[in-house]
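Chain by chain, the residues:
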Amino acid sequence: IARKTKSRPAYVATPFSGDESDIASAKLSEKVLESDWAEQDLLRKLYTALLWAEICATGFWKVYWDPMKGEKQTFLLGPDNLPVQDNDGRPIRRDQVPQELMEPAMAQGYQTRDVAQGAVQIEAISPFEFYPDPLATSIEDCEWAVECKVRSVNYVRDRYGKKLEPDSDASL
């Protein structure tokens, strides 16, 4: 593993053209990716994936969009539970509504909801929790794949808003 991580991966963003704005966008993309490397502790996750590869001959990074991550904003929802929109069709944020109008609106069934911006997340996953399409000859040929992971009742409630009864005692 030490030999494989002697030099870490480098990001290279290629501009679409020689135009200055494309070159600047490519440089910015590289800086964002470098920032993500540090923020998501990807060196540790790389070690984990490589360790699985050494043990099981395969290691995975799961790259996905997490709608619960990122900066949060509070939006106003109407009695129909849909976002209230301004004249341009944009959702109205809570901080755009004067306080004196907020109280009567809440009395009429309006409510607020925190919505996260979302962010790309990367996790090293166990090969024992990953089930690729058995008919595929390579990972690129998979029509589907399943990640199967044990989660607590609290995780499901917090993440998906579903109340479940545990099917076993997890205190063992």
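The structure presented is a predicted model; accordingly, all values stated were derived computationally and were not measured.

What counts, and at which threshold
- Residues numbered from 1 in each chain as written.
- Predicted model: local features only at pLDDT ≥ 70, side-chain atom pairs only at ≥ 80, totals over all residues.
- Heavy atoms only, no water.
- Helix = DSSP H or I, 4+ residues; strand = E, 2+ residues; numbered from the N terminus.
- Rg over C-alpha atoms; globule rule 2.2 N^0.38 Å.
- Buried < 20%, exposed > 50% of the residue type's maximum accessible area, 1.4 Å probe, protein only.
- Contact = heavy atoms within 4.5 Å.
- Areas by Shrake-Rupley, 256 points an atom, 1.4 Å probe, with all protein chains shown as cover.
- Lys, Arg positive; Asp, Glu negative; His and termini not counted.
- Charge placed at Lys NZ, Arg CZ, Asp CG, Glu CD.
- Core = buried A, V, L, I, M, F, W, Y, C linked by side-chain atoms within 4.5 Å.
- Salt bridge = Lys/Arg side-chain N within 4 Å of Asp/Glu carboxyl O.
- Phe/Tyr/Trp six-rings, centres within 6.5 Å; stacked < 30°, edge-to-face > 60°.

## Thoughts on the overall build of the protein
Looking only at helices and strands, the protein features four helices and six strands. When the helices and strands of the protein are placed in sequence order, the string is α-α-β-β-α-β-β-β-β-α. Scaling as 2.2 N^0.38, a compact globule of 172 residues should have a C-alpha radius of gyration of about 16 Å, whereas the protein reaches 23 Å, well beyond that. With the principal axes as the frame, the protein shows a C-alpha extent of 65 × 60 × 30 Å. Per-residue burial over the protein gives 17% buried out of 172 residues. Long-range contacts, defined as pairs at least 24 residues apart, comprise 58% of the intrachain contacts of the protein with a sequence gap of at least 6. Carbon together with sulfur atoms contributes 54% to the accessible area of the protein, which is approximately 13200 Å² in total. Between the centroid of the 21 positive side chains of the protein and the centroid of its 29 negative side chains there is a distance of 5 Å.

## Remarks on the nonpolar core
The nonpolar side chains of soluble globular proteins are, as a tendency, buried together. Among the nonpolar cores identified, the biggest contains five residues, and these are W37, L42, L46, L50 and I122. Looking at which element gives the most residues to this core, the answer is helix α2 (residues 42–56), with three residues. Beyond its immediate stretch of four places on either side in the chain, W37 contacts R8, P9, Y11, L42, L43, L46 and W61.

## Digging into the environment of W65
Looking at the element boundaries, W65 is found in strand β1 (residues 60–66). W65 sits in the exposed class, given a relative accessible area of 51%. When the C-alpha atoms of W65 and S152 are compared, they prove to be 21 Å apart, with 87 residues separating the residues in sequence.

## Re unusual backbone geometry
The backbone phi angle of A57 is positive, close to 70°, even though this residue is not glycine. A positive phi angle, close to 70°, is found at N81, a residue other than glycine. Given the relative accessible area of 36%, N81 is considered partly exposed.

## Observations concerning the pattern of salt bridges
As a working rule, side chains carrying opposite charge can pair if their charged atoms are close by. Enumeration according to the criterion identifies 10 salt bridges in this entry. Among the salt bridges present, the one from D41 reaches R44, with a minimum N-O distance of 2.8 Å. Of the residues examined, R44 reaches a relative accessible area of 47% and is grouped as partly exposed. Where E147 meets K149, a salt bridge forms, and the shortest distance between an N and an O atom there is 3.5 Å. Given a relative accessible area of 30%, K149 falls into the partly exposed group.

## A word on the packing of aromatic side chains
For any two aromatic rings, the description comes down to two numbers: the centre-to-centre distance and the angle of the planes. Considering all chains together, one arrives at four aromatic pairs under this definition. Ring geometry for W37 versus W61: centroids 6.4 Å apart, planes at 55°, classification tilted. With a gap of 24 residues between them, W37 in helix α1 (residues 20–39) and W61 in strand β1 connect regions that are remote in the sequence. When its relative accessible area of 31% is taken as the criterion, W61 is described as partly exposed. Plain terms: the ring middles of W52 and F128 are 5.8 Å apart, the flat faces sit at 75° to each other, and that makes the pair edge-to-face.

## Comments concerning the side chain of Q40
Note that Q40 resides in the loop between α1 and α2. Leaving out residues up to four positions away in the same chain, Q40 has contacts with K45, V120, Q121 and I122.

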